[in-house]
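Single-letter residue listing:
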Amino acid sequence: MKAIQVHQFMELPSSLQQEDGVDAFLSMCDDVPKPSLKKQQMLVRVFACSLSPGDVIMVQGSMILMHHPFPFIPGMDICGEIVDNNGSTNFKNGDIVVASNGMSPVGGMAEFMAINESEAVILPPGVSKEHGAASSSAITSHNAVMENVKEGDRVLILGGSGGVGSAAIQIAKKHAKASFVATTSTQEDMCKDLGADRVINYKTTDWWTIEEFQRERFDVIIDCAGGRNFYGRAEKVLKTGKQGGTFVAVTAIDEAYPDCGTYWKLMKFFGTMISRVVYTKLTTRTLPNYALLMPHDEVKARKKVLEWMEQGTLKIKFDGNSSLPFTAEGVRQAFIKVGSHHAHGKVVVTIAKE
Ligand SMILES: NC(=O)c1ccc[n+]([C@@H]2O[C@H](COP(=O)([O-])OP(=O)(O)OC[C@H]3O[C@@H](n4cnc5c(N)ncnc54)[C@H](OP(=O)(O)O)[C@@H]3O)[C@@H](O)[C@H]2O)c1
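Since the structure is predicted, the reported quantities are computational estimates derived from the model, not experimental observations.

K.L.:
Break down the packing of aromatic side chains for me, citing the residues and quoting the values.
P.N.:
Tallied over the full model, the rule gives 9 aromatic pairs. Measuring from ring centre to ring centre gives 5.3 Å for Tyr-231 and Tyr-290, while their planes differ by 85 degrees; the resulting arrangement is edge-to-face. Residue Tyr-231 is found in helix H8 (residues 230-234), and its partner Tyr-290 is found in strand E13 (residues 289-292); the two are separated by 59 residues along the sequence. Exposure remark for Tyr-231: the relative accessible area of 7% places this residue in the buried category. By relative accessible area, Tyr-290 is classed as buried at 3%. Ring geometry for Phe-247 against Tyr-290: centres 6.0 Å apart, planes inclined by 10 degrees, an arrangement best described as stacked. Remark: Tyr-290 occurs in strand E13 and Phe-247 occurs in strand E12 (residues 246-249); sequence separation between them is 43 residues. Each member of the pair Phe-247 and Tyr-290 is classed as buried. Among the aromatic side chains, those forming a connected cluster through ring pairs are Phe-9, Phe-70 and Phe-72.

Here is the structure:
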């Protein structure tokens, strides 16, 4: 089968932006064997695969627990048709499903992929295959918003134009019924279209210095941007834990892509995160709660997200308003875009139309 293969870890976006030698990192191969199935796995013919920062972490080798032998096929979030249900009683051949290989995040940028039956959800009829594949980040948005935002809350979403932020704005406004949603982004029109009441260009204005925000404090801040110590800034505009103020860390503390490439770095990373959770539990009188969002209940959230997409109450925007082709160049552009940390919406590759 045709599949993209990663031959060595790379730095994104720089490794794929060079004039030549890109093939040494990533190439299209025509004769990759179809995946063999383990128990409770099904074979799907892939229609579309979307990329997210998790795929960047994977190809950069930034997470020791996710190192995979080379060459490997990148991509984990897909929509495809089941061609071998492997005896499943829940799915039949011909079903079109959305799935994510979260625990083994490889295999999606290929004509065929083995998926875990437990992670598959049927694509609703009104949702396109590309949109199905791109629904993955909205699962994170669903959990971040629905578990923390109450009706009438004032909410600030850091990074409103990314895959997670663009869905979080809509979910906060339409489904959690927040009274006011502000966001930080350079994409004012896009975020307003999605439902944001106020958009702060983070390149020109520091949100924690805005007088209105200091006066009327937020109930919830959801950090989908990372890159600076935003929790440290948040206490200026967020209610204390005792008043119900919560900072939801979707990203790592100080970096959009944490470097956990060795066991020591991994321990340091989780140690810092966990000590912050414990510390802020002890200081809720003066500091906001700190909630670390880890992936959980993904299938339940995916069903809800796909239901909202079918109803038209959640729209998944594509970066550049279209998907990319399944060629080495198309996938290279997709990784450059996600790896730049400046995608506006989701980055999707169409693998097969029918
Ligand atoms: N905890 C979890 O379960 C979980 C799950 C999925 C993802 N994540 C993490 O969540 C984060 C967001 O994921 P994503 O898919 O939304 O990423 P993404 O799509 O790559 O985010 C790109 C967006 O971030 C914006 N941005 C970059 N720097 C910013 C800043 N300083 N302030 C505001 N916006 C900024 C960019 O806007 P401009 O172009 O305007 O700069 C761009 O629109 C990632 O770090 C990812 O690893 C966590």
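K.L.:
Can you break down the environment of Asn-86 residue by residue, with the values?
P.N.:
Following the sequence through the fold, Asn-86 ends up in the loop between strand E4 (77-84) and strand E5 (96-100). It is 50 Å that separates the C-alpha atoms of Asn-86 and Leu-282, two residues lying 196 residues apart in sequence. Once residues within four sequence positions are removed from consideration, Asn-86 is found in contact with Leu-37, Lys-38, Gln-40 and Gln-41. A polar contact is formed between the side chain of Asn-86 and the backbone oxygen of Lys-38, at a distance of 3.2 Å.

K.L.:
Tell me about the packing of helix H4 (residues 136-146) against helix H5 (residues 163-175), and please be specific about residues and values.
P.N.:
Running from amino to carboxyl end, H4 crosses H5 at an angle of 45 degrees, the nearest separation of the two axes being 8 Å. Considering their axes alone, H4 and H5 lie oblique with respect to each other. Helix-helix and strand crossings are classified by hand; for H4 and H5 the assignment is right-handed. Contact residues: Ser-137, Ala-138, Thr-140, Ser-141, His-142, Val-145 and Met-146 in H4; Gly-163, Val-164, Ala-167, Ala-168, Ile-171, Ala-172 and His-175 in H5. Along the lines of polarity and charge, the residues of the contact of H4 with H5 split into 8 nonpolar, 6 polar and no charged.

K.L.:
Hey, could you go over the site of the ligand for me, with residue numbers and the actual values?
P.N.:
In the vicinity of the ligand lie 21 residues, with Thr-186, Tyr-202, His-342, Ala-343 and His-344 positioned nearest. A distance of 2.9 Å is found between an oxygen atom of the ligand and a backbone nitrogen or oxygen belonging to Gly-163. A total of 940 Å² of accessible area belongs to the ligand in isolation, and the protein chains cover 88% of it. By residue class, the composition of the shell around the ligand is 10 nonpolar, 11 polar and no charged. Residue-level mapping places the shell around the ligand at the junction of two domains, with at least three residues from each of domain 1 (3-134 + 318-350) and domain 2 (137-292).

K.L.:
Give me the lowdown on the packing of H4 against helix H10 (residues 298-311), citing residues and values where you can.
P.N.:
The contact between H4 and H10 brings their axes to 9 Å, and the two run at 100 degrees. As summarised for this structure, H4 and H10 are arranged roughly perpendicular, according to the angle between their axes. Residues Ser-136, Ala-138, Ile-139, His-142, Asn-143 and Met-146 of H4 touch H10, and the partners they reach there are Glu-298, Ala-301, Arg-302, Lys-304, Val-305 and Trp-308. Considering only residue class, the contact of H4 with H10 consists of 6 nonpolar, 3 polar and 3 charged.

K.L.:
Can you break down H10 residue by residue, with the values?
P.N.:
Here H10 contains 14 residues, and its C-alpha end-to-end distance of 20 Å stays within 8% of the 20 Å for a straight helix at 1.5 Å per residue. Those residues of H10 not exposed but buried are Ala-301, Arg-302, Val-305, Leu-306, Trp-308 and Met-309. All buried residues of H10 project into a common sector of 160 degrees when viewed along the axis, lining one side. Residues Lys-300 and Lys-303 are exposed on H10 and point more than 90 degrees away from its buried face. Looking at the buried positions of H10, the neighbouring elements they touch are E5, strand E7 (121-122), helix H3 (129-133), H4 and H5.

K.L.:
Describe the pattern of salt bridges, naming the residues involved and giving the relevant values.
P.N.:
A full pass over the atoms with the stated rule returns 14 salt bridges. Ionic pairing is found between Glu-188 and Lys-192, a salt bridge with its closest N-O pair at 3.1 Å. Placement of the pair is Glu-188 and Lys-192 together in helix H6 (residues 188-194), with a separation of 4 residues, close to one helical turn. Classification of Lys-192 as partly exposed rests on a relative accessible area of 40%. A cluster of three or more residues bridged by salt bridges with shared partners is formed by Arg-154, Arg-198, Glu-212 and Glu-216.

Conventions and cut-offs
- Residues numbered from 1 in each chain as written.
- Predicted model: local features only at pLDDT ≥ 70, side-chain atom pairs only at ≥ 80, totals over all residues.
- Heavy atoms only, no water.
- Phe/Tyr/Trp six-rings, centres within 6.5 Å; stacked < 30°, edge-to-face > 60°.
- Helix = DSSP H or I, 4+ residues; strand = E, 2+ residues; numbered from the N terminus.
- Buried < 20%, exposed > 50% of the residue type's maximum accessible area, 1.4 Å probe, protein only.
- Contact = heavy atoms within 4.5 Å.
- Polar contact = N/O pair within 3.5 Å; in protein donor to acceptor, adjacent residues only side chain to side chain.
- Axes fitted to C-alpha atoms, helices over the stretch in contact; angles between N-to-C directions.
- Parallel < 35°, antiparallel > 145°, perpendicular 65-115°, else oblique.
- Left-handed = near helix turned anticlockwise from the far one by under 90°.
- Nonpolar A, V, L, I, M, F, W, Y, C, P; charged D, E, K, R; others polar.
- Near = heavy atom within 4 Å.
- Areas by Shrake-Rupley, 256 points an atom, 1.4 Å probe, with all protein chains shown as cover.
- Domains from an automatic or database assignment.
- Expected span 1.5 Å × (residues − 1).
- Arc of directions from axis to C-beta.
- Salt bridge = Lys/Arg side-chain N within 4 Å of Asp/Glu carboxyl O.

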